[in-house]
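Here are the chains, one letter per residue:
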Amino acid sequence: MLQSVLQSKAIQRVRSYFRSHWRTSFFSIGAHSCFEILDLLVPYAIGQIINVLSGRSPDAAAGWLINATATVLEMPVDQGLSVTVLMGIIFVITVVRAPIEPWFSGWFHWLITLNARRDRQAEAIAKILTLPIEFYDTHNPGRIANRIARGVENYLWSYPQVAGQLIPKLVRVLGICIIMLTIDWRVAVPFALSFFAVLGYSLRSLGRIVEKEKKLDRYMENTASHTSELVTNIKTVKAFATETREYERQRQRLSRELFVVTYGIHVDYVVLATWRNAVLQLASFGILGLALYATFTGQISIGYFVTLMTLASMGFSEIQPISLQSELLARRFSPLQRFHEFMEEPVGLDARDIQLEDSGAPKTAIAPFRKAPQLPPSPQYQFQGQVEFQDLTFGYDRDRPVLKRINITLNPCETVALVGRSGSGKSTLVKLLFRYFDPDSGAISIDGQDIRTLNTRGYRQRLAIVHQEVDVFNGTVLDNLRYGRPDAPWDEVTQACAIARVDEFVRTLPDGYHTIVGERGVRLSGGQRQRLGIARALLVNPDVLVFDEATSSLDSESERAIQGAMESNLGTRTTLVIAHRLSTVRDADKIVVLDNGDIAEVGTHHQLLKQKGLYYRLHTLQSSEVLPIL
């Protein structure tokens, strides 16, 4: 199980993420490992001091160093010099090393980690920007944000654990085995066998726990997702007075989560720790017995006995932190894998045309972004605005087409309206125009060019759309107006605002164009957001402008203001209007009536009324609506 985890795609990808830092990694891991090995000289030096104080000669290695020091200092070799030299070794390893080690280990470990975290966050943002629209139809923002946040957070902590703790400690244990082997193999071999047996069983058990962690992580992601929905839809929750029901629902999920953590995962960790501690104490007692026997029989000195027991104690004490680091990695594995699943989602049709450049990094120890293949700049298109839908067929499920052999032509500077019942395919047609999807058959062309042959980003820059619900960012009114064209001059901004009637309400705001509108534009009314959206669309001076149900959710006063803004745009560019309220399309050059994915009628307002078909029935139905008197 553990082997499959270590060989999984997630782990392979983790290694690839740190590959650009391999030189620094090797240096820092090597330096940290060397410090761990140096630690082992302290019990060796103490053992030799005990030998010297008990009247025995130090071993060959220590004796050579003492003799060399005596020669250099021209001093006789005696007990005082021997203890001084050995104390000098301990001083260098402990006192001199203390202020140096953090810079060779902690500094580099975290420098690498923080650089890698920045790269992961940047890649996640790039992924968000290149995923297809349909991905966001099935994944809410809370789920996506939670997966990215947990994945990046676990990247942040995983590398220091592996590079700063796990690998150096394993090297330390290997060094302990070697030193013990040089002293007495009869003690070293049982120590090594017991150590790696306990470690191997612990890691194998962790492999089974990982599978439970993965299931729990998916469950926690769903809980966080619904919590995000509560925040987004809090007005609906309060309007229907469902606070108690929502609280109980989430409380039950959290209780089930706690039950799984406590009795499904945490108990496994406790059982593993219980077994590990019992076996370690038994192994320690066995090593003590072997070392005592070797000392009593004169096979090793008292100094070596102290050294062996100290080293064995140091070695067995590493089982706990190594196992702990392994447990933490096991717990981090599932979020890492979920993050990788997100990063491996197929990108949208426009991904190859989206240019995400590295603007450069400051000239410090901060590593620059990993260079991505440079794409050619997006072409600057300019269209006359003739749009043709030719034999267009499309379905989100190929077996159930939403649009069937649609043929529509929009001439330059012509206004064409799409009307029809809900679900007739109007908004889907717009999604195809913006190339969020490609048609199953047929084509869309602009000025005679198939849009599939154009650079998607350059093509979309010549289009603009005003949605039924205008997306507003948390910034100033001016920031939102200039969103599609940050360098728009002030006179063009005011001109677009005058056409869209934005200037009528901006003057009432406390800071005018510099008023902060709040997240999602909560400080603006629906009509104000709609007018802001129209001005934003006009400011990019598009060749084709789309109004997608721009007035369907507004009150009569706001609708008249928006309709006036739309009428001011007629004849200035190719315009496609999707309307539910037919009063907004009376002046269109052409009205296309869709019904169940087919074109039912085409004509002007008066022509369609004379035909007394579907358009006539829809118009009559809306005209006969009686508003209640309040």
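Residues numbered from 1 in each chain as written. Predicted model: local features only at pLDDT ≥ 70, side-chain atom pairs only at ≥ 80, totals over all residues. Heavy atoms only, no water.

**Here's the deal with the overall build of the chain**
Basically, it comes down to this: Helical segments are the DSSP runs of H or I of at least four residues, strand segments are the runs of E of at least two, and each set is numbered from the N terminus. The classification of residues rests on relative accessible area computed with a 1.4 Å probe and restricted to protein chains. Under 20% of the type maximum is buried, over 50% is exposed, and intermediate values are partly exposed. Contact between two residues is taken to exist if any of their heavy atoms lie within 4.5 Å; hydrogens are not considered. Every accessible area reported is derived by Shrake-Rupley at a probe size of 1.4 Å, with residue values counting cover from the shown protein chains alone.
When helices and strands are counted, the chain shows 24 helices and 10 strands. In the chain, which comprises 630 residues, the proportion classed as buried is 47%. A separation threshold of at least 6 residues defines the contact pool for the chain, and within that pool the share at least 24 residues apart is 76%. By element, 59% of the accessible surface of the chain is carried by carbon and sulfur atoms, the whole surface being about 32,600 Å².

**Some thoughts on helix α19 (residues 490–499)**
This is how the line gets drawn: Comment: arc refers to directions from the helix axis out to C-beta atoms.
Burial in α19 covers these residues: Val493, Ala496 and Cys497. Seen along its axis, α19 keeps its buried residues to an arc of 100 degrees; they face one direction. Exposed side chains of α19 directed beyond 90 degrees from the buried face belong to Asp491 and Gln495. Each element contacted by the buried residues of α19 is listed here: α18 (477–481), α20 (503–506) and α21 (526–539). Note on α19: the residue one or two positions beyond its end, arginine 501, has a positive phi of about 65 degrees.

**Considering the packing of helix α5 (residues 60–73) against helix α6 (residues 79–96)**
To characterise two packed helices, one gives the angle between the axes of the helices and the distance between these axes. The criterion, for reference: Between N-to-C directions, angles cover 0 to 180 degrees, with each direction set by a line fitted to C-alpha atoms, over the stretch in contact for helices. Between 65 and 115 degrees an angle is taken as roughly perpendicular, under 35 as roughly parallel, over 145 as roughly antiparallel, and anywhere else as oblique. Basically, the charged four are Asp, Glu, Lys and Arg, the nonpolar ten are Ala, Val, Leu, Ile, Met, Phe, Trp, Tyr, Cys and Pro, and anything else, Gly included, counts as polar.
Closest axis-to-axis distance for the α5/α6 pair is 10 Å, and the angle between their directions is 105 degrees. Put simply, α5 runs roughly perpendicular to α6. Contacts between α5 and α6 involve Ala62, Leu65, Ile66, Thr69 and Ala70 from the former and Leu81, Ser82, Val85, Leu86 and Ile89 from the latter. Of the residues that constitute the contact of α5 with α6, the class distribution is eight nonpolar, two polar and no charged.

**Description of helix α4 (residues 41–53)**
Operational definition: A helix is expected to reach a length of 1.5 Å times the quantity of its residues less one.
For α4, which comprises 13 residues, the first-to-last C-alpha distance of 18 Å matches the rise-based estimate of 18 Å (1.5 Å per residue) to within 8%. Buried residues of α4: Val42, Pro43, Tyr44, Ala45, Gly47, Gln48, Ile49, Asn51 and Val52, and no others. The inward-facing, buried residues of α4 abut α3 (22–39), α5, α6 and α14 (302–317). Just downstream of α4, glycine 55 is the residue with a positive phi angle, here 90 degrees.

**Remarks on the packing of α4 against α14**
To keep things clear, this is the line we draw: Here is the rule for handedness: rotate from the far helix to the near one, and if that takes an anticlockwise turn smaller than a right angle the crossing is left-handed, while a clockwise turn gives right-handed.
At a closest axis distance of 7 Å, the pairing of α4 and α14 adopts a crossing angle of 160 degrees. The angle between α4 and α14 falls in the class roughly antiparallel. The way α4 lies across α14 gives a crossing that is right-handed. Residues Pro43, Tyr44, Gly47, Gln48, Ile50 and Asn51 of α4 lie in contact with α14, whose contacting residues are Ile302, Gly303, Tyr304, Val306, Thr307, Thr310, Leu311 and Met314. Across the contact of α4 with α14, the residue classes tally to eight nonpolar, six polar and no charged.

**Description of the nonpolar core**
Inclusion rule: Only buried residues count toward a nonpolar core. Its members are Ala, Val, Leu, Ile, Met, Phe, Trp, Tyr and Cys residues joined through side-chain atoms within 4.5 Å.
Of all hydrophobic cores here, the largest spans 42 residues; its most connected members are Val419, Val477, Leu481, Val585, Ile591 and Tyr615. Top element by residues in this core is α21. It accounts for six residues. Of all hydrophobic cores here, the second largest spans 31 residues; its members include Val430, Leu432, Leu463 and Ile465.

**Observations concerning the packing of aromatic side chains**
Short version of the rule: What counts as a ring pair is set by centres within 6.5 Å for rings of Phe, Tyr and Trp (its six-membered ring), and what kind of pair is set by the plane angle: stacked under 30 degrees, edge-to-face over 60, tilted for all other angles.
Per the stated rule, a full pass over the model turns up 14 aromatic pairs. Aromatic pair tyrosine 381 and phenylalanine 383: ring centres 5.4 Å apart, planes at 25 degrees, arrangement stacked. Measuring from ring centre to ring centre gives 5.1 Å for phenylalanine 394 and tyrosine 396, while their planes differ by 80 degrees; the resulting arrangement is edge-to-face. Given the relative accessible area of 5%, phenylalanine 394 is considered buried. Site record: aromatic cluster; members linked through ring pairs are Phe191, Phe195, Phe196 and Phe316.

**Topic: the pattern of salt bridges**
The condition that has to hold: A side-chain nitrogen of Lys or Arg and a carboxyl oxygen of Asp or Glu constitute a salt bridge if their distance falls within 4 Å.
Per the counting criterion, the structure on display carries 14 salt bridges. Residue arginine 97 pairs with aspartate 39 through a salt bridge whose shortest N-O separation is 2.2 Å. You can see arginine 97 sitting in the loop between α6 and α7 (101–104) and its partner aspartate 39 sitting in helix α3, a full 58 residues away along the chain. According to the relative accessible area criterion, arginine 97 is buried, its value standing at 12%. On the basis of relative accessibility, which here comes to 19%, the residue aspartate 39 falls in the buried class.

**Points about the sheet that holds strand β10 (residues 598–603)**
Inclusion rule: In short, DSSP must find at least two bridges between two strands for them to pair.
Pairing is mixed across the open sheet formed by six strands, whose spatial order is β6-β7-β8-β3-β9-β10. The sheet is open, and its two borders are formed by β6 (463–466) and β10, each paired with just one other strand. For this sheet, the mean inter-axis angle between neighbouring strands, taken without regard to orientation, is 20 degrees. The pairing of strand β3 (residues 415–420) with strand β8 (residues 574–578) spans four bridges and is classified as parallel. Pairing of alanine 417 across the sheet is with valine 577, part of β8. The strands touched by helix α16 (residues 426–433) are β3, β6, β7 (544–548), β8 and β9 (590–595); relative to β8, the strand with the most contacts, the crossing angle is about 145 degrees. The strands that α21 touches are β6 and β7; relative to β6, the one it contacts most, it runs at about 175 degrees.

**Some remarks on unusual backbone geometry**
Even without being glycine, cysteine 413 reaches a positive phi, approximately 65 degrees. When you line up the elements, cysteine 413 lands in the loop between β2 (403–410) and β3. The exposure class of cysteine 413 is partly exposed, given its relative accessible area of 34%. Its identity as a non-glycine residue notwithstanding, arginine 435 has a phi of 60 degrees, on the positive side. With respect to the secondary-structure elements, arginine 435 resides in the loop between α16 and β4 (441–446). Accessibility expressed as a relative area gives 7% for arginine 435, which makes it buried.

**Details of the sheet that holds strand β1 (residues 387–394)**
Strand order in the open sheet made by the four strands is β2-β1-β4-β5, with antiparallel pairing throughout. What marks the edges here is a single partner per strand, and that holds for β2 and β5 (449–450). Both β1 and β2 contribute to a ladder of five bridges, which runs antiparallel. Bridging across to β2, phenylalanine 389 finds its partner in isoleucine 408. On the sheet, α16 packs against β1, β2 and β4 and is oriented at approximately 115 degrees with respect to β1.

**Re the confidence of the model for the chain**
Operational definition: On a scale of 0 to 100, pLDDT captures the predictor's confidence in every residue.
Chain-level pLDDT for the chain is 79 on average; 87% of the residues reach the 70-or-more range. Below pLDDT 50 for its whole length, residues 1–7 participates in 13 contacts with residues either more than four positions away or in separate chains. Overall, residues 358–365 carries pLDDT values under 50, and its contacts beyond four positions in sequence, including any with other chains, amount to eight contacts.

**Remarks on the side chain of glutamate 246**
For clarity, the cut-off: Charge counting treats Lys and Arg as positive and Asp and Glu as negative, with His and both chain ends excluded.
Structurally, glutamate 246 is set in helix α13 (residues 243–296). The side chain of glutamate 246 is buried and forms no salt bridge, while arginine 249, the nearest opposite charge, is found at 4.0 Å. Setting aside residues up to four positions removed in sequence, glutamate 246 forms contacts with His226, Leu230 and Val237.

**A look at the pairing of β9**
Counting buried positions over the six residues of β9 gives five, a clear majority of the element. Across five bridges, the pairing between β3 and β9 is parallel. Bridge pairing in β9 links alanine 417 to isoleucine 591. In this sheet, β10 lies alongside β9 in antiparallel orientation, the contact comprising five bridges. The residue bridging leucine 594 from the neighbouring strand is isoleucine 599, located in β10. Between the end of β9 and the start of β10, which pair antiparallel, lie two residues, with asparagine 596 showing a positive phi angle near 55 degrees.

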